[in-house]
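Topology and contacts: notes
Listed here are the chains, written in short residue letters.
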Amino acid sequence: MISGFSKLSKVEKIDYLVENYFSGSSRVKGDLKAFWHDNPNSQKVFDEFSENTITNFYSPYGVVPNFMLNDKLHMVPIVTEESSVVAALSKAAKFWSTRGGFKAQVVDTEKLGQVHFIWNGEKSKLEEFFNSNYENIIAHITPLTRNMEKRGGGVKSLTLVDMSDKEEGYFQIKAAFETCDAMGANFINSVLESIGSYLKTAIPAHDAFSDSEKEIQVVMCILSNYTPNCLVKAWVECGIEELYEPSQEMSADEFVEKFTRAVRIAQIDVHRATTHNKGIFNGIDGVILATGNDFRAVEACGHTHAARDGQYRSLTNYKIYDGKFRFEIELPLALGTVGGLTNLHPLAKMSLDMLENPSAKELMMITASVGLAQNFAALRSLVTSGIQKGHMKMHLMNILNQLEATESEKEIVRTEFEHKVVSFKGVRDLLESVRSLQ
Ligand code: MEV
């Protein structure tokens with residue numbers, strides 16, 4: 001055990017780590033420092049995002065060109081370590097750019113939070129307390145909400161929810177918020193804590209309550225990452241015959257039949273639905289990370305939405321009508337384009353600039369469309385050539401880079417593996433034999 005680790009300087013932390021976990025290796029020490037930013041001021045910004053930071057963990061930052069959304073072309077930044085994600089997205093973006101592009105629409109932007117509390121007594125008296133104190137609660141939180149109100153947001157509603165049939169004495173105040181272009185987590189949590197402290201003072205002071213009813217236990221005050229009304233829809237649509245591509249080696253009708261069956265399978269089978277939605281989040285998370293948003297929050301919410309009728313299902317769906325194919329996604333996305341990391345992380349800022357500084361609503365539409373594009377690309381590969389063909393190319397590149405192959409060695413190995421299954425051992429053996437001949 002070490003105490004006071006957080007108080008050590010960054011260099012002292014590295015020294016401790018290297019001494020105790022890497023046998024004092026000067027190479028490890030050098031490697032950790034090699035990933036520091038050249039500019040100490042920039043490094044300080046990264047260090048201060050989190051705690052006990054010792055270095056940076058790099059991820060590839062790629063871009064998807066030709067992403068047509070609501071008749072506007074975007075260059076979409078994607079942060080992902082997974083090979084083929086950007087390539088697949090780029091292909092899908094290009095494909096749909098000549099078929100009307102992606103369309104999207106925000107349904108609503110409501111965020112939610114809850115004050116969870118325990119109170120025992122006559123429920124009608126609690127309701128009376130809540131209704132007669134509604135305006136007082138609003139007045140109590142006004143110092144926190146004033147600025148947000150000036151921007152057009154604030155608290156939309158407060159609702160008393162009786163959950164006492166599930167847990168003795170359990171009630172909630174459910175608060176709905178509009179946070180404009182901010183994701184709003186800090187704002188929401190501060191307001192909820194303020195409501196919690198109001199209850200702790202006002203309930204014991206409420207004359208109509210008996211002594212036992214004057215007792216309240218505020219369990220927790222926290223936003224909910226499940227925001228079913230912070231909803232966005234995106235879709236693509238074209239004539240079925242427009243889906244034909246010579247490389248597919250199947251007719252448009254056959255493609256549609258296979259593609260739509262794959263979607264139906266993800267609607268009915270939970271194992272397939274999980275993988276199907278994971279592919280959607282390959283794209284969504286890429287944008288979320290690149291723009292400094294919270295991918296854990298977005299994922300948690302998306303998966304809850306996918307299970308909203310009791311069974312976990314595909315987030316995408318399709319329609320066939322009047323000879324047309326429509327592929328669509330609908331999901332909640334609580335995003336921000338101001339505040340938090342969006343302004344602090346230099347690359348998040350750059351991503352937002354690249355996207356021409358979208359509002360939160362515009363970013364919701366871009367992100368949902370990227371999820372849809374990713375899913376289209378994945379299903380298209382799966383029901384035609386299979387995904388391994390594309391993946392193997394990238395896998396081979398990664399192995400060759402790991403083995404520090406030169407450009408000419410790469411060329412030889414790539415040709416050799418054109419029609420073979422790629423394995424680390426196979427590539428290493430071939431590279432060794434190539435090198436032995438040089
Ligand atoms: C891989 O990261 C994602 C896919 O498995 C998604 C899917 O199967 O739909 C290709």
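That block above? That's the structure.
The structure reproduced in this document is the subject of the present report. (Residues numbered from 1 in each chain as written. Predicted model: local features only at pLDDT ≥ 70, side-chain atom pairs only at ≥ 80, totals over all residues. Heavy atoms only, no water.)

**Some points on the sheet that holds strand 9 (residues 316–321)**
Spelled out, the test is: Paired strands, in this sense, are two strands between which DSSP finds at least two bridges. The helix and strand labels rest on DSSP assignments: H or I over at least four residues marks a helix, E over at least two residues marks a strand, and numbering proceeds from the N terminus. To define axes, lines are fitted to C-alpha atoms, for helices over the stretch in contact only, and angles between the resulting N-to-C directions are given on a 0 to 180 degree scale.
An order of 3-8-10-9 is seen for the four strands of this open sheet, with the pairing classed as antiparallel. Looking at which strands have only one partner, the edges of the open sheet turn out to be strand 3 (103–106) and strand 9. Within the sheet, the average angular offset between the axes of one strand and its neighbour, ignoring direction, is 20 degrees. Sheet topology places strand 9 next to strand 10 (residues 324–332); six bridges connect them, and they run antiparallel.

**A word on the side chain of H74**
Rule in force here: Type-normalised accessible area, obtained with a 1.4 Å probe on protein chains alone, sets the label of each residue: buried when under 20%, exposed when over 50%, and partly exposed for intermediate values. Pairs of residues are marked as contacts when any of their non-hydrogen atoms sit within 4.5 Å.
As for its position among the elements, H74 is in strand 2 (residues 72–79). Under the relative-accessibility criterion, H74 is labelled buried at 11%. Those residues in contact with H74 that sit more than four places away from it in its chain are V64, P65, N66, F67, L69, L355 and I366.

**Remarks on the environment of V63**
Looking at the secondary structure, you find V63 in strand 1 (residues 61–69). Distance in space between the C-alpha atoms of V63 and H303 is 26 Å, their sequence separation being 240 residues. Residues in contact with V63, not counting those within four places in the same chain, are M75, V76, P77, V86, S90 and M354.

**Focus on the site of the ligand**
For clarity, the cut-off: To be near a molecule or strand, a residue needs just one of its heavy atoms within 4 Å of it. Counted as a polar contact is a pair of N or O atoms within 3.5 Å, where, for protein atoms, one must be capable of donating a hydrogen and the other of accepting one, and residues adjacent in sequence contribute only when both atoms are in side chains. Under the convention adopted here, Pro, Cys and the residues Ala, Val, Leu, Ile, Met, Phe, Trp and Tyr are nonpolar, Asp, Glu, Lys and Arg are charged, and Gly plus all remaining residues are polar.
All residues in the neighbourhood of the ligand are listed as E82, R272, T275, H276, K278, G279, N282, A378, L382 and I387. At 2.7 Å from an oxygen atom of the ligand is found a side-chain nitrogen or oxygen belonging to K278. One nitrogen or oxygen atom from the side chain of N282 is found 2.9 Å from an oxygen atom belonging to the ligand. Elements represented by at least two residues in the shell around the ligand include exactly helix 8 (270–290) and helix 12 (360–383). Tallying contributions element by element places helix 8 first for the shell around the ligand, with six residues. A breakdown of the residues in the shell around the ligand according to their chemical character gives three nonpolar, four polar and three charged.

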